[in-house]
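Commentary on secondary and tertiary structure
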Amino acid sequence: MTEIVLGVGASHSTLMNTHWEETLHKDRAERFRDALTQAREALAAARPDTVILVGSNHFRGFWLDLIPSFTIGVGECVASGESGTPKGPQPVDVPLARHIAGSLVEGGAFDPAFSARLQIDHGQSHAIQYLLDGLDVEIVPLVVNVFAPPLPTLARCEDLGRAIREAVLAFPGDRRVAVIGSGGLSHRLPWPDWREPHGDDEEFMVGAWLNGRENWQDYDVRRREIIRAAEAALNPEFDDEFLSLVERGETHRITEYTTEELEKVAGNGAQEVRTWLLMAALLHHVPGRRLAYEPMPEWLTGMGVAVLDPAHTDERQP
């Protein structure tokens, strides 16, 4: 019997790797890093065989020549390795991945893209680095478009999480499955709406997103300079509200936001909470446990970690 044994939501930031020594709020940074360790220990204790790894893509695996809303890795998976994150092939649970993709299509409600040679970036490999290090698990990578509008609605992400849950539980094999949602919380990246760039930097970014499939590294130095020059725009009140929803098993209520409203309140980077929403829906919205929340202006992001453990609470339908 296949079962879903744990869920983890965790923010990511490559600045943890590249600018740790320049971090001013070291106490906050260390508390967040310690929370990642706690989450990793919870994953180890849950003994998963497979982790469904839900993350965003930062234009290193997908480019504007083709942007699906949802993509499932069903074969090879290679991490790009930018900013000190893991690089190279990652182990994929191919039978489960292909079962999920097939079940979604046959169910009629979703037609996700799939890739037999998927490239992921720190939107997922950050979680591999900090949450899966040393664990003997395979992954099912699921990439959600959160940066190239039009974006899938929050409600659509909620529905997809429910549909994947049904597919996983119907898998004829014997799997212990955990789920990680990697991304968020509030933050604003100096990234334009690709449809309407303004100024040299925005034109450069859109050009990189369109033309970087074969040579994304060539754009990375200036790209990082643009990001490092950005001012932090955090909303700790929103982050606390969102984590409170996770704690109460009410993450689905974030679907009350439109895409535009979410960006206005918490920044374009907050669109990554879709990964948490998908994770929570896969866990049937069991109440979660907040391990940490730290506003990190040096990393441009509100950094949170939470664990959803169905073994410690009764599942309930929201």
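Residues numbered from 1 in each chain as written. Predicted model: local features only at pLDDT ≥ 70, side-chain atom pairs only at ≥ 80, totals over all residues. Heavy atoms only, no water.

1. Observations regarding the overall build of the protein
When helices and strands are tallied, the protein shows ten helices and nine strands. Scaling as 2.2 N^0.38, a compact globule of 318 residues should have a C-alpha radius of gyration of about 20 Å, and the protein matches this with 18 Å. Summarising its shape, the C-alpha atoms of the protein cover approximately 55 × 40 × 40 Å along the three principal directions. Counting all 318 residues of the protein, 59% fall into the buried class. In the protein, the proportion of contacts linking residues at least 24 apart, taken out of those at least 6 apart, comes to 82%. When the accessible surface of the protein is totalled, it reaches about 13000 Å², and 48% of it is carbon and sulfur. Averaging the coordinates of the 29 positive side-chain charges in the protein and doing the same for the 49 negative ones gives two points 2 Å apart. (Helix = DSSP H or I, 4+ residues; strand = E, 2+ residues; numbered from the N terminus. Rg over C-alpha atoms; globule rule 2.2 N^0.38 Å. Buried < 20%, exposed > 50% of the residue type's maximum accessible area, 1.4 Å probe, protein only. Contact = heavy atoms within 4.5 Å. Areas by Shrake-Rupley, 256 points an atom, 1.4 Å probe, with all protein chains shown as cover. Lys, Arg positive; Asp, Glu negative; His and termini not counted. Charge placed at Lys NZ, Arg CZ, Asp CG, Glu CD.)

2. Observations regarding the pairing of strand β8 (residues 288-296)
Of all nine residues in β8, seven are buried, a share of seventy percent or more. Bridging between β8 and strand β9 (residues 301-308) involves eight bridges; their strand directions are antiparallel. Looking across to β9, one finds that Tyr293 is bridged to Gly304. Taken together, β8 and the strand that follows it, β9, pair antiparallel across an intervening segment of four residues, in which Leu300 is found at a positive phi of about 65 degrees. (Pairing = 2+ DSSP bridges.)

3. So, helix α7 (residues 220-228)
Residues Asp220, Arg223, Arg224, Ile226 and Ile227 constitute the buried set of α7. Across the axial projection of α7, the buried residues extend over an arc of 155 degrees, all falling on one side. Exposed residues on α7 whose side chains face more than 90 degrees from its buried face are Val221 and Glu225. Residues of α7 that are buried in the fold lie against α1 (15-18) and α6 (199-211). (Arc of directions from axis to C-beta.)

4. Looking at the pattern of salt bridges
For the structure shown, the criterion picks out 18 salt bridges. Taking the shortest distance from any N to any O, the salt bridge between Arg162 and Glu158 comes out at 2.7 Å. In this pair, Arg162 and Glu158 both sit in helix α5 (residues 154-169), four residues apart, roughly one turn of the helix. Given the relative accessible area of 6%, Glu158 is considered buried. (Salt bridge = Lys/Arg side-chain N within 4 Å of Asp/Glu carboxyl O.)

5. Considering empty space enclosed by the protein
Unfilled space is identified by rolling a water-sized probe across the atoms. Under the definition given, this model contains four cavities of 30 Å³ or more. Its boundaries defined by the atoms lining it, the largest cavity holds a volume of some 220 Å³. It is α7 that provides the largest number of residues to the lining of the largest cavity, a total of three residues. Looking at the lining of the largest cavity residue by residue, the classes come out as six nonpolar, seven polar and four charged. Here the second largest cavity is characterised by a volume of approximately 90 Å³. In this structure, the second largest cavity is lined by Asn57, Phe59, Phe62, Ile67, Pro68, Val143, Val144, Asn145, Phe147 and Ala148. Residue classes in the lining of the second largest cavity are distributed as eight nonpolar, two polar and no charged. (1 Å grid on protein atoms, 1.4 Å probe; cavity = no way out; pocket = protein on both sides within 12 Å on 5 of 7 lines; lining within 4 Å. Points joined across faces, edges and corners; volume = space filled by probe spheres on them. Nonpolar A, V, L, I, M, F, W, Y, C, P; charged D, E, K, R; others polar.)

6. Description of α6
Along its 13 residues, α6 runs 18 Å from first to last C-alpha, staying within 8% of the 18 Å computed at 1.5 Å per residue. Looking at α6, one finds that the buried residues are Phe204, Met205, Val206, Ala208 and Trp209. Residues of α6 that are buried in the fold lie against α7. (Expected span 1.5 Å × (residues − 1).)

7. Structural notes on a negative patch on the surface
On the surface, Asp49, Asp136, Glu138 and Asp174 cluster together into a patch of negative charge. A residue is classified by how much of its surface remains accessible, and Asp49, at 36% relative accessible area, is partly exposed. (Patch = residues over 30% accessible without salt bridge, like charges linked within 9 Å, V, L, I, M, F, W, Y side chains within 5 Å.)

8. What to know about the nonpolar core
Counting 63 residues, the largest nonpolar core has Ile52, Ile72, Ile100 and Ile164 as the members making the most contacts within it. If we skip the residues at most four places from it in the chain, Ile72 touches Ala97, Ile100, Ala101, Leu104, Pro112, Ala113, Phe114, Ser115, Val140, Pro141 and Leu142. Ala46, Ile180, Leu291 and Trp299 belong to the second largest nonpolar core, which has 41 residues in total. (Core = buried A, V, L, I, M, F, W, Y, C linked by side-chain atoms within 4.5 Å.)

9. Looking at the environment of Leu277
By the secondary structure assignment, Leu277 is in helix α10 (residues 273-282). When sequence neighbours within four positions are dropped, the list of residues in contact with Leu277 reads Leu154, Cys157, Glu158, Thr251, His252, Ile254, Thr255 and His285.

10. Regarding unusual backbone geometry
Along the chain, Pro149 connects to Pro150 via a cis peptide bond; the corresponding omega equals 10 degrees. Position of Pro150 among the secondary structure elements: in the loop between β6 (138-144) and α5. Put simply, Gly184 and Leu185 share a cis peptide bond, and its omega is 5 degrees. Tracing the backbone shows Leu185 in the loop between β7 (176-182) and α6. In this model, Arg47 sits at a positive phi of 55 degrees, which is unusual for a non-glycine residue. Tracing the chain through its elements places Arg47 in the loop between α2 (26-46) and β2 (50-56). At Leu300, a residue that is not glycine, the phi angle is positive and equals roughly 65 degrees. In this structure, Leu300 sits in the loop between β8 and β9. Overall, Leu300 belongs to the buried group, its relative accessible area being 6%.

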